[in-house]
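Inside the fold
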Amino acid sequence: MKLSIVGIGPGSAGGMTLEARERLSESELIVGYGLYVDLVKDLFPEKEYYTSGMRKETERVRFAVEKAAAGTRTALVCSGDSGVYGMASLAFETAEALGLEAGDIEVIPGVTAALSCGALLGSPLSCDFAVISLSDLLVPWERIEKRLACVAESDMPLVLYNPSSKKRRDHLKKACRIMMGSRSPRTVCGIVRNAGREGQSAELMSLEELADYEADMLTTVIIGGSSTRNICGRMVTPRGYSGKYDIAGKGGQNGSGEEENEKTDRISRGGGPLLIFGGTSEGRELALRAERAGYETWLSTATEYGRETAQAHLKGVKILAGKLPEDEIESLIRNRGFSCVIDATHPYAGHISGSLEQAAENTGIKLVRVRRKIQTGPTDEEVMFFSTMDEIIDFLNGTEGGVFFSTGSNAAESYSRLIDMEERGCVRILPSAEALEKVKKAGFSSRNIMCMQGPFSEEMNEACFSFFNVRWLVTKSSGRAGGFDEKISAARRLGIKVLVLAPPQETEGIAMEEALKMIGEGRL
Ligand code: SAH
């Protein structure tokens, strides 16, 4: 058996290892997929070539194995690395199936797309990272989704191979939605097309933008982790997390000196500890940024559920769960010497914002209100906006058919005014005993209560709405991170009318981007 499975790198002759080049020059026959063979033909025009198209892998590999077994020095070429979504494993299996000596097969590694594309973007894969192919030709899509969800949680940068195919255009969008279940829509991402080949391009964008990006098969996608940043237009994941560094300057044994300096720099510019209010994704993101910028960070969430979610993502942040009364907020501020309070609570939580304003006035602490982008819009046939739940119930009382409330358990008192509640009303709430009690009291019957933690995909929403035979959907306008789009699109598909509870647009406070910037620059 004289078979070498050769990874030729991303494409250009310069990206090939010397060993790969040597093996190709020694071989008599070069076998591969048309596009890859074209890339080496220029270098070795005198060789004998055998090419076949996509999806002809098994036939092509069998040909190479048989030729090699018959004594022809054969090189089977793959782009990138021959072992990473390459032909090497199939060659071993084929030789085994043909009863040939698989032990002789030689695998020559190459620069895989993750590395060539990573390098073009900057340095996104400096620490642990994961690789997933979105191709469901050989792997069931459910398994791919499961792996995506696991990686999403792990916070590791993720490289996506085969982000799209002609048949399946929505894989990347679905993958991004799964990632957004655990990562910020603002996560730094990069895409590279045709690395090392003609038409090479590399671009940075947010995870949210990536969800709408039309990738093709010649593209590799990298989704950053929470510490991945855009540094001068390049995608960079600094090595190690700030929480682990010796920021007091007793010797930076855990990391590079540069990162150490960056941190101490920020601390000296910034003030004392930060107190952030809000179990929202915005609250978590601000806390993470603050932690990374070297602030001692406290996050207050109204619910135990908020605490659990925050704890999973924010290891170095002190988390307070439960609604704090005004006087406790005040004494907390006085006792801990916070330099600033950030109010990132939900716009519906008007009460807490009021308490924070009062506490800030009494203590003289700086208060920053982060404005949340709220989706509102003109009322049309399908989507109607209301400013209170009572108005929605009044409207519904003039209609017929199932109503699906995805507005939580706090509005339970208003819900109970719905005529024929037991028949018409269905509700989806978080799995907490407190929430369940409230909606039961409001009059929902047990078969119409669903306890589950989101975010929910469009498909999941569609399944829920159909199951309960819903005609009306009631939702908050909670912005993109709140799964609003997924609800609206599922409703539109089923012809369900949507009633949106949209609070008045906030005009005060600063935008999320500005708050993140201020924290990152140590200005709070
Ligand atoms: N064995 C190859 C991977 C083959 S799977 C390797 O190790 O790189 C094919 C996928 O790899 C493509 O869909 C794309 O996501 C990625 N890829 C391969 N070559 C690439 C290139 N030159 N530029 C960008 N992506 C590439």
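Our subject is the structure that appears above.
Owing to the predicted nature of the structure, the values given are computational and were not obtained by experimental measurement.

1. A short note on the sheet that holds strand 3 (residues 48-52)
Taking strand neighbours across the sheet as the criterion, the five strands line up as 3-2-4-1-5 in an open arrangement whose pairing is parallel. The open sheet has two edge strands with one neighbour each: strand 3 and strand 5 (106-108). Ignoring strand direction, the axes of neighbouring strands in this sheet form an average angle of 20 degrees. Where strand 2 (residues 29-33) meets strand 3, five bridges bridge the pair, whose relative direction is parallel. Across the sheet, the residue bridging to L29 is E48, located in strand 3.

2. A word on the environment of V107
Positionally, V107 belongs in strand 5. Spatially, the C-alpha atoms of V107 and A88 are 6.7 Å apart, while their sequence positions differ by 19 residues.

3. Points about the packing of aromatic side chains
One pair of aromatic rings is described through two measures. These are the centre distance and the angle between the planes. Taken as a whole and judged by the stated rule, the model has 12 aromatic pairs. For the ring pair Y85 and Y161, a centre distance of 4.9 Å and an interplane angle of 55 degrees mean the geometry is tilted. Taken together, the residues Y85 in the loop between strand 4 (74-78) and helix 4 (88-97) and Y161 in strand 8 (residues 158-161) connect sequence positions 76 residues apart. Residue class for Y85 comes out partly exposed when judged on its relative accessible area of 44%. Given a relative accessible area of 9%, Y161 falls into the buried group. Plain terms: the ring middles of F404 and F465 are 5.0 Å apart, the flat faces sit at 70 degrees to each other, and that makes the pair edge-to-face. Linking F404 in strand 20 (residues 402-405) with F465 in helix 18 (residues 458-467), this pair joins segments that are 61 residues apart in sequence. We classify F404 as buried; its relative accessible area is 0%.

4. A look at the site of the ligand
Within the structure, the ligand sits among 20 residues, and V84, T112, M217, T219 and T220 are positioned closest to it. Within the backbone of D81, a nitrogen or oxygen atom sits 2.8 Å from an oxygen atom of the ligand. Here a nitrogen atom of the ligand and a side-chain polar atom of T220 are 2.7 Å apart. When isolated, the ligand has an accessible area of 550 Å², and the protein chains bury 94% of it. Contributing elements (two or more residues each) for the shell around the ligand: helix 5 (113-121) and strand 11 (219-223). Split by residue class, the shell around the ligand holds 11 nonpolar, seven polar and two charged.

5. Observations regarding the sheet that holds strand 18 (residues 366-371)
Reading across the sheet, the six strands line up as 16-15-14-17-18-25 and stay open at both edges, with parallel pairing between neighbours. Sheet topology places strand 16 (318-321) and strand 25 (510-511) at the edges, where each strand pairs with a single neighbour. As defined by bridge partners, strand 14 (residues 274-277) adjoins strand 15 (residues 297-301) across four bridges and the pair is classed as parallel. Looking at the pairing, F277 lines up with S300 of strand 15.

Procedures and definitions
- Every chain is numbered independently, its residues counted from 1 as its sequence is written.
- Restriction of local features to residues with pLDDT of at least 70 applies here, the model being predicted, together with a cutoff of 80 or more for giving and counting side-chain atom pairs; totals for whole chains, interfaces and linings are based on all residues.
- Derived side-chain values reflect all non-hydrogen atoms in the structure, with water molecules and hydrogen atoms excluded from consideration.
- Any two strands with at least two DSSP-identified bridges between them are counted as paired.
- Runs of H or I in DSSP of at least four residues are treated as helices and runs of E of at least two as strands, each being numbered from the N terminus.
- Here the axes come from fitting lines to C-alpha atoms, over the contacting stretch only for helices, and the angles between their N-to-C directions go from 0 to 180 degrees.
- Two aromatic rings from Phe, Tyr or Trp, using only the six-membered ring of Trp, form a pair when their centres are within 6.5 Å; if the ring planes differ by under 30 degrees the pair is stacked, by over 60 it is edge-to-face, and anything between is tilted.
- Burial classification: accessible surface area is computed with a 1.4 Å probe over protein chains only, and a residue below 20% of its type maximum counts as buried, one above 50% as exposed, and the rest as partly exposed.
- Only heavy atoms are used to decide nearness, and a residue is near a molecule or strand if one of them lies within 4 Å of it.
- Pairing of N or O atoms within 3.5 Å defines a polar contact, subject to two protein rules: one partner must be a possible hydrogen donor and the other a possible acceptor, and residues neighboring in sequence count only if both atoms are side-chain atoms.
- Each accessible area is a Shrake-Rupley estimate made with a 1.4 Å probe; only the visible protein chains count as cover when residues are assessed.
- Three classes are used, and their members are as follows: Ala, Val, Leu, Ile, Met, Phe, Trp, Tyr, Cys and Pro are nonpolar, Asp, Glu, Lys and Arg are charged, and the others, Gly among them, are polar.

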